[in-house]
Amino acid sequence: MTQSMPLWEVFIRPRNGLAHKHAGSLHAADEVMALQAARDVYTRRGEGNSVWVVPSAAITASDPDQAGENFEPTGDKIYRHPTFYEIPEEVGNM
Amino acid sequence: MYSQGLIGADGQTNETPEFLETFQKRIDAEEKVEPTDAMPEGYRRTLVRQIGQHAHSEIVGMLPEGNWITRAPSLRRKAALLAKVQDEGGHGLYLYSAAETLGVSREEMTEELHSGKAKYSSIFNYPTLSWADIGTIGWLVDGAAIMNQIPLCRCSFGPYARAMIRVCKEESFHQRQGYEIIMTLAQGTPEQKEMAQDSLNRWWWPSLMMFGPHDADSEHSDQSMTWKIKRFTNDQLRQKFIDATVPQAEYLGLKVPDPDLKWNEEKGGYDHGEIDWDEFWRVVKGHGRMNRDRIKDRRAAWERGAWVREAALAHAEKRRARKIAAE
Ligand SMILES: [Fe+2]
Ligand SMILES: [Fe+2]
């Protein structure tokens, strides 16, 4: 085989009302076969009622080397959380 | 397994002590390692080898059971066996995907299996001579696989741990359907019971070998434990397996073929007889009864499927071109 099979990422919606969630990946020639394979590989026991397949090459990911820069700054911003603010008990739930 | 008895992984690594120490701190803090994280080369290599062996074992493991699908004694048994074998194919695919996140390609792994460079669990180089063997495989071989795979759900490498969680959810049906087959035979006619006993006699020792060499002879075990790829040693898991399985055999009125098997009150487990490690290494090195057939069958499947893969790619290309022309 000269050409290798493209890689696809598989997302499954467990049931209505929930978001599609990444389930894994697989190789397939095209989107039709990728969907079929995803059904066989990832939903043999009622794991979902809807499948998405996305070419892995179409996904843009954040740079792992910049994870600190990207995600650490939120760590010390505790004022973004409700527990940062003190409300007297008499006021009740807020 | 099918990877507890990891064969010949080389955890050697030559990063700076500081790098290794930082990495070890993450491992000790039970942080998961993801594919894009920095990791020692030895860690990566060990995982590629182990996950690859594990994946190959799932795929090759379909062959001995596939041998009985058309001869299953009832529709119920046939449907269950088909579903089990299909699951094993799925397990192979989850595992190949996990290995691919480490930068090895599916083609390379397939090539290594076919050339004999990559190993798979020695258990699948034994023949399935009777229907009882299908029961014994589910009971003992999948039973041993479960023993091994449950701790792998906590493996430090994220994609491997996640694949194992899926696999473990599916395995328990495998073991139960196997035990049910053996139970039916053991409670059947004297001939059927004899068939079950004969099968246990042939599979008991090879099942114990699935856990790999004794700890004292298992070269790379320590490093894998430190990196939390493995959580238990080969002997620890083997002991757990024996302790869990012997009462199950007793319930069936079958005799475990080990005259030295004895309950040891003090250690709270069974003592067992000597394992024939010469046989183990003979099979690992390619001289088991079925080694050649297994690889021949895998190669044939790959080669005979080549035209399908080529046609599918050509068809995909044609559709793509048509779509572009229509735009
Ligand atoms: Fe499996
Ligand atoms: Fe299984």
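So, here's what we can say about the structure. Because the structure is a prediction, the values reported are computed rather than measured.

**Overview of the interface of chain B and chain A**
The interface is formed by 19 residues belonging to chain B together with 20 residues belonging to chain A. Interface area for chain B against chain A, summed over the two sides, is near 1,800 Å², with a carbon-plus-sulfur share of 53%. Of all residues in chain B, Arg-166, Leu-313 and Arg-319 of chain B bury the most surface against chain A, accounting for 28% of the area lost on that side. Where chain B meets chain A, there are seven salt bridges. A salt bridge links Arg-166 of chain B to Glu-47 of chain A, with the nearest nitrogen and oxygen atoms 4.0 Å apart. Put simply, chain B and chain A have nine residue pairs in polar contact (both at pLDDT 80 or more) between them. Residue assignment for the side of chain B that touches chain A shows that the elements contributing at least two residues are helix H4 (75-100), helix H5 (106-115), helix H7 (158-186) and helix H13 (306-326) of chain B.

**Some remarks on the nonpolar core**
The nonpolar side chains of a soluble globular protein tend to be buried with one another. All names here are of chain B. Membership of the largest hydrophobic core comes to 49 residues, with the highest contact counts inside it found for Trp-131, Trp-139 and Trp-204. Counting only elements with at least two residues in this core, the list comes to H4, helix H6 (131-152), H7, helix H8 (190-209), helix H10 (234-252) and helix H11 (277-287). With eight residues, the top contributor of residues to this core is H6. The residues contacting Trp-131, other than those within four sequence positions of it, are Trp-68, Ala-72, Pro-73, Arg-77, Leu-81, Ile-181 and Leu-185. Ranked by size, the runner-up nonpolar core spans 39 residues in total, among them Ile-27, Leu-47, Ala-163 and Ile-229.

**Notes on helix H2 (residues 41-60) of chain B**
The terminal C-alpha atoms of H2 of chain B lie 28 Å apart, and with 20 residues this matches the ideal 28 Å at 1.5 Å per residue to within 8%. Here H2 of chain B lies mainly inside the structure; 15 of its 20 residues are buried.

**Side note on the coordination of the iron ion (ligand 1)**
All names here are of chain B. The iron ion (ligand 1) binds to the protein through Glu-58 (OE), Glu-88 (OE), His-91 (ND1) and Glu-171 (OE); the donor distances cover 2.1 to 2.5 Å. Look at where the donors of the iron ion (ligand 1) fall in the sequence and you get E-x29-E-x2-H-x79-E. Here the iron ion (ligand 1) and the iron ion (ligand 2) are spaced 3.3 Å apart, linked through Glu-88, which binds each one. Of this pair, Glu-58 sits in helix H2 while His-91 sits in helix H4; the two residues are 33 residues apart in sequence, bridging distant segments of the chain. Each member of the pair, Glu-58 as well as His-91, is classed as buried.

**Here's the deal with the coordination of the iron ion (ligand 2)**
Protein coordination of the iron ion (ligand 2) is provided by Glu-88 of chain B (OE), Asp-142 of chain B (OD), Glu-171 of chain B (OE) and His-174 of chain B (ND1), with donor distances spanning 2.0 to 2.2 Å. One way to put it: the four donor atoms around the iron ion (ligand 2) meet at angles of 82 to 168°, and that makes the site irregular.

**Quick word on the side chain of Asp-142 of chain B**
When you line up the elements, Asp-142 of chain B lands in helix H6. Among the polar contacts listed, one links the side chain of Asp-142 of chain B to the side chain of Lys-84 of chain B, at a separation of 3.0 Å.

**Examining the sheet that holds strand S2 (residues 21-27) of chain A**
All names here are of chain A. Strand order across the open sheet formed by three strands is S2-S1-S3, with antiparallel pairing between neighbours. Bordering the open sheet on either side are S2 and strand S3 (50-55), each of which pairs with just one other strand. Going from strand to strand, the sheet's axes swing by 30° on average, the running direction of each strand aside. Bridge count between strand S1 (residues 7-13) and S3: six bridges; the pairing is antiparallel. Pairing of Val-10 across the sheet is with Val-53, part of S3.

**With respect to the environment of Trp-203 of chain B**
All names here are of chain B. Residue position: Trp-203 is located in helix H8. Distance in space between the C-alpha atoms of Trp-203 and Pro-257 is 9.6 Å, their sequence separation being 54 residues. Apart from residues no more than four positions distant in its own chain, Trp-203 is found in contact with Ile-123, Tyr-126, Pro-127, Thr-128, Asp-133, Thr-136, Ile-137, Leu-140 and Val-141. Side-chain polar atoms of Trp-203 contact the side chain of Asp-133, separated by 3.3 Å.

Rules used in this analysis
Residues numbered from 1 in each chain as written. Chains lettered and ligands numbered in written order. Predicted model: local features only at pLDDT ≥ 70, side-chain atom pairs only at ≥ 80, totals over all residues. Heavy atoms only, no water. Contact = heavy atoms within 4.5 Å. Buried area = accessible area lost by both parts, 1.4 Å probe. Salt bridge = Lys/Arg side-chain N within 4 Å of Asp/Glu carboxyl O. Polar contact = N/O pair within 3.5 Å; in protein donor to acceptor, adjacent residues only side chain to side chain. Helix = DSSP H or I, 4+ residues; strand = E, 2+ residues; numbered from the N terminus. Core = buried A, V, L, I, M, F, W, Y, C linked by side-chain atoms within 4.5 Å. Buried < 20%, exposed > 50% of the residue type's maximum accessible area, 1.4 Å probe, protein only. Expected span 1.5 Å × (residues − 1). Donors = N, O, S within 2.8 Å, 3.2 Å for Na, K, Ca; no water. Tetrahedral: all angles 85-135°; square planar, octahedral: opposite > 155°, others 65-115°. Pairing = 2+ DSSP bridges. Axes fitted to C-alpha atoms, helices over the stretch in contact; angles between N-to-C directions.

Read these as layout, nothing more, since geometry by itself doesn't imply function.
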